[in-house]
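Listed below, chain by chain, are the residues.
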Amino acid sequence: MKKSDLVEYNQAIPELIFPLDDLIYPASLNVVKVIYERALENAWLENSAIYCDGESITYGELFSRVNYWAAVLLAAGVNRGDCVLIRCPDSIDAVISFLAIQSIGAVAVPAFAQLRVDDLIYRVNDTATVLALVSEASAEEFIEVEAACPALETVLCLPKDPTGKFSTLGDFDQIPY
């Protein structure tokens, strides 16, 4: 390839950065609020919002559960900007977890099934995670994770805790939301 070929090639490259003068971003954006407003505007509250593994919930049920989980997170001491690790299989509860975390301004830290205990310890410590939402299947490994992670204040097991060591959503039944 000759230098002249490169010049011709480079001149053929389109401009990839475009000015977006008319694009205005809001000062803050809460995806849960946006989805809820859209569901209200379009009368979708009784429509199916999520379908997974034979289970379906409506937009109305989704927002009710997201608000409850958000209240649980706040009651457990999670604040805006805090990191919350999610270690559960793909499910409606996983979607609700992400939305609840986002709705209070916290940061969701996904922890996929392929991660080993050492990887989880690294991720929790690296992000200064304050709360972990874990499935029953992950509860046993989080005994070791919790012991190795000083910033991790709470492990919340979904829907119940087979180890008897962690909190569950049921522990927060009396909180107003």
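These remarks concern the structure in this document. Small disclaimer: the values here were computed from a predicted structure and weren't measured.

### Overview of the side chain of Thr 129
Relative to the assigned elements, Thr 129 resides in the loop between helix H5 (117-127) and strand E5 (131-135). Of note is the side chain of Thr 129, whose polar atom sits 2.6 Å from the side chain of Thr 127. Leaving out residues up to four positions away in the same chain, Thr 129 has contacts with Cys 83, Val 84, Leu 85, Val 109, Arg 123, Val 124, Ala 151 and Leu 152.

### Some words on the nonpolar core
One finds Val 78, Leu 131 and Leu 133 to be the most contacted residues of the largest nonpolar core, which totals 36 residues. The greatest single-element share of this core, amounting to 10 residues, is contributed by helix H3 (residues 59-75). Setting aside its immediate chain neighbours within four residues, Val 78 contacts Leu 73, Val 84, Ile 104, Ala 106, Val 130 and Leu 131. By size, the runner-up hydrophobic cluster in this structure holds 19 residues, among which are Ala 111, Leu 115, Leu 120 and Phe 166.

### Section: H5
Within H5, the full set of buried residues consists of Val 117, Leu 120, Ile 121 and Val 124. Taken around the axis of H5, the buried residues stretch over an arc of 100°, which confines them to a single face. Turned more than 90 degrees from where H5 packs its buried face, Asp 118, Tyr 122 and Asp 126 sit exposed. Remark: Ala 128 follows H5 within two positions and exhibits a positive phi of approximately 55°.

### Here's the deal with the packing of helix H2 (residues 31-41) against H3
Angle between the axes and distance between the axes: these two values describe a pair of packed helices. In the contact formed by H2 and H3, the axes pass within 11 Å of each other and the chain directions differ by 150°. Taken as axis vectors, H2 and H3 run roughly antiparallel relative to one another. Considering the relative orientation of H2 and H3, their crossing is left-handed. Packed against H2, whose contacting residues are Val 32, Ile 35, Tyr 36 and Ala 39, the element H3 presents Tyr 59, Phe 63 and Val 66 at the interface. Here the residues of the contact of H2 with H3 sort into seven nonpolar, no polar and no charged.

Rules used in this analysis
Starting afresh in each chain, residues are numbered from 1 along the sequence in its written order. Under the rules for a predicted model, residues below a pLDDT of 70 receive no local features and side-chain atom pairs below 80 are neither given nor counted, while totals for whole chains, interfaces and linings still include all residues. To obtain the side-chain values, all non-hydrogen atoms of the structure were included, while hydrogens and water were left out. To qualify as a helix, a DSSP run of H or I must reach at least 4 residues; to qualify as a strand, a run of E must reach at least 2; elements of each kind are numbered from the N terminus. Any pair of N or O atoms that falls within 3.5 Å is considered a polar contact. Within protein, one atom must be able to donate a hydrogen and the other to accept it, and sequence-neighbouring residues count only if both atoms are side-chain atoms. Residues count as neighbours in contact if any of their non-hydrogen atoms are within 4.5 Å of one another. Remark: nonpolar core denotes a set of buried residues (Ala, Val, Leu, Ile, Met, Phe, Trp, Tyr, Cys) joined through side-chain atoms within 4.5 Å. Note on exposure labels: buried denotes an accessible area under 20% of the residue type's maximum, exposed denotes more than 50%, and partly exposed covers the range between, all computed with a 1.4 Å probe on protein chains only. Within this analysis, the arc is defined by the directions that extend from the helix axis to the C-beta atoms. Axis definition: a line fitted to C-alpha atoms, over the contacting stretch in the case of helices. Angles run 0 to 180 degrees between N-to-C directions. Roughly parallel means an angle under 35 degrees; roughly antiparallel means over 145; roughly perpendicular covers 65 to 115; every other angle is labelled oblique. The crossing is said to be left-handed when, going from far helix to near helix, the turn is anticlockwise and less than a right angle, and right-handed when the turn is clockwise. We call Asp, Glu, Lys and Arg charged. Ala, Val, Leu, Ile, Met, Phe, Trp, Tyr, Cys and Pro are nonpolar, and the rest, Gly among them, are polar.

Just distances and angles here, no functional claims.
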